[in-house]
Amino acid sequence: MRLEHGHCFCGAIEATFEGDPFWICFDHDDDCRRAIGSPLTIWIGYQAAQVNFRRGEPATFSKTRGIVRSFCGTCGTSIGYVDEGLPNEVYICVGFMHAPERFAPEAHGYWELRLPYIVMNDGLPRIETYTRARDPSLGTPRERE
Ligand SMILES: [Zn+2]
């Protein structure tokens, strides 16, 4: 079975990922942009049971209702997030992966919030909002303060 590894910049946090992710997408959402400090990112979606933290315990932070983000409390590397609206799913930041080149995205999420100078000619589907069917009662980035 496929086994992938991830670690933060300082090495305090390490994880393994068993099997294939079920979804990989670019994300242009402005919440994630600010949380990560990057113009966009790529999220790798795994079922929670596929993710095992082998070393260290990620620190967590929540500002957006339903979303808990994780990061290394020592070096600040963004690790991922979980979403109450997407039960049992864990989204991992591509930069946390040991071999990020193995996770080619399948679509663009929150295309409507992309930065004006981001130009992509990859031919991937451009989804204006969430790429996953999420509990709508939790709101969207547009509805937040
Ligand atoms: Zn670290």
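Residues numbered from 1 in each chain as written. Predicted model: local features only at pLDDT ≥ 70, side-chain atom pairs only at ≥ 80, totals over all residues. Heavy atoms only, no water.

The protein appears in an unreviewed UniProt entry as CENP-V/GFA domain-containing protein from Mycoplana azooxidifex. Here is the UniProt Sequence similarities (unreviewed entry) comment for the protein, exactly as written: "Belongs to the Gfa family." (UniProt positions renumbered as here; feature names shortened; annotations may be inferred.)

Draft legend 1. Layout of the coordination of the zinc ion. Bound to the zinc ion on the protein side are Cys-8 (SG), Cys-10 (SG), Cys-72 (SG) and Cys-75 (SG), at distances that span 2.3 Å. In this structure, the zinc ion is coordinated by four donor atoms arranged in tetrahedral fashion, with angles at the metal of 106 to 113°. The sequence pattern describing where the donors of the zinc ion fall on their chain is C-x1-C-x61-C-x2-C. Residue Cys-10 is located in the loop between β1 (3-7) and β2 (14-18), and its partner Cys-72 is located in the loop between β7 (67-71) and β8 (78-83); the two are separated by 62 residues in the primary sequence. The class of Cys-72 is buried, set by a relative accessible area of 2%. (Donors = N, O, S within 2.8 Å, 3.2 Å for Na, K, Ca; no water. Tetrahedral: all angles 85-135°; square planar, octahedral: opposite > 155°, others 65-115°. Helix = DSSP H or I, 4+ residues; strand = E, 2+ residues; numbered from the N terminus. Buried < 20%, exposed > 50% of the residue type's maximum accessible area, 1.4 Å probe, protein only.)

Draft legend 2. The arrangement of the packing of aromatic side chains in detail. This model, assessed by the stated rule, comprises five aromatic pairs. Geometrically, the ring pair formed by Phe-17 and Tyr-46 is stacked, given 5.0 Å between the ring centres and 20° between the ring planes. Taken together, the positions of Phe-17 in strand β2 and Tyr-46 in strand β4 (residues 41-47) put the pair 29 residues apart, joining distant regions of the chain. Taken individually, Phe-17 and Tyr-46 each receive the classification buried, so the pair is uniform in this respect. (Phe/Tyr/Trp six-rings, centres within 6.5 Å; stacked < 30°, edge-to-face > 60°.)

Draft legend 3. Spotlight on the pairing of β8. With respect to burial, β8 is a largely interior element, five of its six residues being buried. Of the pairings in the sheet, the one linking β7 to β8 comprises five bridges and is antiparallel in character. Each residue of the ladder has a partner; that of Ile-67, found in β8, is Asp-83. Taking the residues between adjacent antiparallel strands as the criterion, β7 and β8 are bridged by six residues, where Gly-76 takes a positive phi near 85°. Inspection of the sheet shows β8 paired to strand β9 (residues 89-93) by three bridges, in the antiparallel sense. (Pairing = 2+ DSSP bridges.)

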